[in-house]
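# Residue-level structure breakdown
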Amino acid sequence: MLILKTLQWGEQHGYGISQAIRATSGEVLQVETGSLYPALHRLERQGWVTAEWKQSESNQRAKFYKITSLGKKQLASDYERWGKMVATIEGIMTAERGDA
Amino acid sequence: MSLFRFFRRKTELKEEIDSHLNMATADRVARGESPEAARRAAVREFGNVPLVADVTRERWGWLRLERLTQDVRFAVRQLRRTPAFTITVLVTLALGIGANAAIFTLVNSVLLKNLPVVDPKMLVHVGNDGHDCCVGTINPRDNGEYSNFPTETYKQLKKNVPEFEQLAAMQAGFTYRPVIARRDGAQTVARSVMGEFVSGNYFETFGLRPSVGRLLMDADDVSGAAPTAVISYEAWQHQFAGDASIVGSTFWINTKPVTVVGVAPRGFYGDRMTNTPPDFYMPIESMPELANVTYVHEPGTEWLYIIGRVKPGVSMGQLQEKVNAVLRQAFSTQDGFSTEDGKKQLQKVHATLTPGGAGIQTLQEDYGSHLHLLMWVSGLVLLIACANIANLLLVRGMGRRTEMSLRSALGAMRGRIVRQLLTESVLLAGMGGLLGLAVAYAGTRMLLVLAFPGDQSVPIHAAPSPEVIGFAFALSLVTGTLFGVAPAWISAQAKPAEALRTGARTTASGTSLLQRSLVVLQAALSLVLLVAAGLFSQSLNKLQNSDLKLDVRNRYIVHINPQAAGYVQTQLDALYRTMEDRFKALPGVVKVGISAYTPMEDNNWSNGMGIQGHPEVHGLASIVRASPEYFDSVGTKVVMGRGIDVHDTSTSPPVAVVNQTFVKHFFKGENPIGRRIGSPHAPGDFEVVGVVEDTTYTDVRWADHSMYFLPLMQRPPSDKSPIEQDMSLYAGAIVIETTRPMNDMEKLAQKTLADINPNLTVAKFQTFNEQIADRFTEERMTARLTMLFGALALLLATIGLYGVTAYSVEQRTPEIGIRMALGAERSGVVAMVMRSALIQTGLGLAIGVPVALLSVRYIKTLLYEITSADTQVMAGAILTLAAAACVAGIIPARRAASIDPAKALRAE
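Residues numbered from 1 in each chain as written. Chains lettered and ligands numbered in written order. Predicted model: local features only at pLDDT ≥ 70, side-chain atom pairs only at ≥ 80, totals over all residues.

## Observations regarding the overall build of chain A
In plain terms, the rule: In DSSP terms, a helix is any run of H or I states spanning at least four residues, a strand is any run of E spanning at least two, and both are numbered starting from the N terminus. Partly exposed residues are those falling between the two cut-offs: more than 12 but fewer than 20 other C-beta atoms within 10 Å of their own, whereas 20 or more means buried and 12 or fewer means exposed, with C-beta atoms placed from the backbone. Each residue is represented by a C-beta atom placed from its backbone, and any two residues with such atoms within 7 Å are regarded as in contact.
Summing up its helical and strand segments, chain A has four helices and three strands in all. The helix and strand sequence of chain A, counted from the amino end, reads α-β-α-α-β-β-α. Taken over 100 residues, chain A has a buried fraction of 25%. Sequence-distant contacts, at least 24 apart, represent 45% of the contacts inside chain A between residues at least 6 apart.

## Section: unusual backbone geometry
Residues and elements named next belong to chain B. You will see that Asp119, though not glycine, has its phi angle at about 50°, which is positive. Secondary-structure assignment places Asp119 in the loop between helix 5 (83–112) and strand 1 (123–126). The exposure class assigned to Asp119 is exposed, which follows from the 12 C-beta atoms found within 10 Å. Look at Met600: it is not a glycine, yet its phi comes out positive at around 55°. With respect to the secondary-structure elements, Met600 resides in the loop between strand 16 (589–595) and strand 17 (606–611). Among the residues examined, Met600 registers 25 C-beta atoms within 10 Å and is labelled buried.

## Notes on helix 2 (residues 14–24) of chain A
Those residues of helix 2 of chain A not exposed but buried are A:Gly14, A:Tyr15, A:Gly16, A:Ile17 and A:Ser18. Directly after helix 2 of chain A, the chain includes A:Gly26, whose backbone phi takes a positive value near 60°.

## A closer look at the interface of chain A and chain B
Definition in use: Under the convention adopted here, Pro, Cys and the residues Ala, Val, Leu, Ile, Met, Phe, Trp and Tyr are nonpolar, Asp, Glu, Lys and Arg are charged, and Gly plus all remaining residues are polar.
Contacts between the two partners involve 17 residues from chain A, matched on the other side by 15 residues from chain B. Those elements that place two or more of their residues in the side of chain A that touches chain B are helix 2, helix 3 (33–46) and strand 3 (61–67) of chain A. Broken down by element, the residue count for the side of chain A that touches chain B peaks at seven residues, all from helix 3 of chain A. For the side of chain A that touches chain B, the per-class residue count stands at four nonpolar, eight polar and five charged.

## Concerning the packing of helix 24 (residues 777–811) of chain B against helix 26 (residues 826–859) of chain B
Residue and element names in this part refer to chain B. To be explicit about the condition: Angles here are taken between N-to-C directions and fall from 0 to 180 degrees, while the axes themselves are lines fitted to C-alpha atoms, restricted in helices to the stretch in contact. Note on convention: the crossing is left-handed when the near helix lies turned anticlockwise from the far helix by less than a right angle, right-handed when the turn is clockwise.
Axis separation between helix 24 and helix 26 bottoms out at 11 Å; the angle between their running directions is 145°. Like other packed secondary-structure pairs, helix 24 and helix 26 cross with a definite hand, here right-handed. Together, Leu801, Thr805 and Val809 of helix 24 and Val833, Ala837, Gln840 and Thr841 of helix 26 make up the contact between the two elements.

## Quick word on the sheet that holds strand 3 of chain A
Hydrogen bonds between backbone groups are what pair the strands of a sheet, and the pairing can be parallel or antiparallel. Residue and element names in this part refer to chain A. Put simply, the rule is: At least two DSSP bridges between two strands are required for those strands to pair.
Taken in spatial order, the three strands make up an open sheet running 1-3-2, and their pairing is antiparallel. Of all strands in the sheet, those with a lone pairing partner are strand 1 (12–13) and strand 2 (49–55), marking the two edges. Bridge count for strand 1 against strand 3 is two bridges, and the pairing is antiparallel. Directly across from His13, in strand 3, lies its bridge partner Phe64.

## Some words on the nonpolar core
For clarity, the cut-off: Under the definition applied here, buried Ala, Val, Leu, Ile, Met, Phe, Trp, Tyr and Cys residues are grouped into a nonpolar core through C-beta atoms within 7 Å.
Ranked by size, the top nonpolar core spans 130 residues in total, and within it B:Ala229, B:Ile231, B:Ile306, B:Ala656, B:Tyr708 and B:Ile734 carry the most contacts. Non-local contacts of B:Ala229, meaning those with residues more than four positions away in its chain, are made with B:Phe251, B:Ile253, B:Val258, B:Val260, B:Phe280, B:Tyr281 and B:Met282.

## Some remarks on the confidence of the model for chain B
Residues and elements named next belong to chain B. Under the convention used in this document: Confidence scores per residue from the predictor, reported as pLDDT, run from 0 to 100.
Confidence along chain B averages 84 in pLDDT terms, with 91% of residues attaining 70 or more. Considering each helix and strand of chain B separately, the mean pLDDT is smallest for helix 17 (residues 496–502), with a value of 57, and largest for strand 24 (residues 733–738), with 96. Throughout residues 503–508 the model reports pLDDT below 50, and contacts reaching past four residues in sequence, or to other chains, amount to seven contacts. Two summary scores accompany this predicted model of the complex, namely pTM at 0.69 and ipTM at 0.73.

## Remarks on the confidence of the model for chain A
Averaged over chain A, the pLDDT score is 79; the fraction of residues at 70 or greater is 95%. For chain A, helix 1 (residues 2–8) of chain A is the element with the lowest average pLDDT, namely 77, and helix 4 (residues 69–94) of chain A is the one with the highest, namely 86.

Right under this line is the structure:
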């Protein structure tokens, strides 16, 4: 979900994605490369992102990932589910004991 | 995803990770780190590059294949690192699988192969015995079983059983009655070849098409039709170089003109597997003229095999009933079945319908039991081979326990390790299978030579068929997985920490129970095979050394066929004298005997006997018509009275010479000289003038063989039929005794006979020794092969025992070092190692001896005059095995004794 969200801001390569997640989360979330690349390749296989080789800002050839419309839909539904889950957890966490 | 894309993506992934690292490094450099430090930090941050790549690739679903290639590559590397192990395993497998595939090729082509005809499954053989041969009289039989029929019976079956789409008949004993064939023309030579008389619908029944011209038709098979023949493809190619003008040309068959109308299809070798397939197929109705035989139309003489093609959907049970009913009807008019007793016997008359797709199974019946035995034997060898390989792999697996522990400590998955080991064994098995095929090919050739010596015309090919290749590979794969699982499983049980910690300090548990049981099993199995080999050799030895009461030194047997050469009975007396004179005139020739047939050949004529004055005595005796010098020429000794001499002519009083068994059986041992014998109806036809020793005829196993001998041209006075109908006057063989071995005897015989008459050809030429050796072909094959397999088994078992002992010595090196440091004698160490090797062998013997003793009963029928494993064979097998065990034990034992205690202990 985070990867898809990052890609919503524009196409990006793997390194860029990991940097972006790290930066936007205020260095709280560090995406392990060991999960990032498998995840990217899985997303690609599921058709939620596409990839092509381009020159990066630093003139480095890199594989850029772009979110597809299918990916956007998935992101939306994932985000909705996430919201529901957060709300549910929040509800449980803040619930008062109902008995006397 | 294609493999190509897979590899492209693999490079792309590498590039992607590289670019990641490059960018990360660049960022760090931009922040002021040194390039080297930046790179190191980037890589550290990235983590385990290959692992990430692995996990990522796993998302593609291609990792299995990748792992497989890795495993295979690794396995090849591992196998190359230990060539001794690899070669031992491969040789073991190649021999084990090769031997099995070779035997299976032979079994497949002899026992399972169908005739090369259309839809062989629909063919039915009326009868079940390819040895119910060749020309005989329809008489009641105790079992009521018939496989050989008169022409008349065949015609009735054909007419009255419409369930047969086609019903064909064929001469049962054509191999015993070669024809003399010569192509019309000036430069042609007459040759004695095989010719088979068949019904007109013979080829149609098999659904065959001609190579050239046409095949026989019903119109050819009518009395009075111009004689026609179809030539076999083989003969057409080899004798006449595929000359198409042969169709329509005239051949002189048994001196009578016959038109060849066509060539049989390629690969068709007739209705049965034989080493002498027919060159010519001729219609039954032309036989009386061409072969000058009277029995073709005798309703009481059986001489035909019958094969039919049934219509689809016919119930075999009903068909069987119907065939039997027609047979009983046909037989009911025969003399033998018209008496009170005969009528009862008639109810038992039947012919068992058997699958006819493989044709008449004479050869199959001959070789079946031996081939099945060989299959068992080679199966045992394969079992030993597998045990051996399992053992070698176990030893190797154990040796690599530390390596495995290290690998699993480094994070290798247990499943992966097992898979790796399995890959290794399956790879080995696959390579072994390939080598096995090569061995199988060579082995089958060898088996064919052993099974059918001197015959290239057996329609069996050494090339393994697809079935055999499939069989070999299935076998090797099953073996591979089988012997791969155990070591893999054991290795996978290794607990890394424990294995790494304890290192190599083990004592007696150096070899597992499984390993030792395998060695015991091998020892037991090879003992059984050694005993079998011993028994078969002993049996062959007994057969070959049995006293046949004949003399083979410088004796040559020339088979002839004066009848086929056009001689009529009235010309025979003169012919025989001419042959005697001409052969006697050859330098070096001492004696010339002429007879109907000779000792130890595949031939026999039996008659029912009567003794004058003793109507209560009856029985069968074999008859041989012989010339005056015949007894001397084969080495039969006259023990009483006289032999046949030159004064016994067609006009002198009829006399007979009998053998000792005849005297025992028919005269109760009394002096027979002067008594009279004959057929049951005319017991006074011949006066007995002499007694000869029991020379062995036909088969060594034929004990108590009553025989009588008549002068060549003397007919029974009671027989009033014209001489022209007396087939028994035709001689079949000339026996020549020379002063020295003469290698050119065959040429001389051909020339001498051709000088008398160009149509008088040599039907078969052999030395007396060769003729006798031919009678032991199957026994020799079995003895040699069991010997071969026994040796193979022994070799494998020895390797197995050696492997286990050597391994245990290696494992126990530190222990032995300590023992020796504490003062153990070298001899004590040797004894210790030898003891364990010998205990395993001893256990193998303890199991093997009773098993071997039990197995003897299953092979008893294949043995000659041997009913149990005698002490000689048993002791021989045990000693051989014990000696092999000592060899296998002494090498590692000496190595153990040479361990330097200081070195062994320091090595830890």
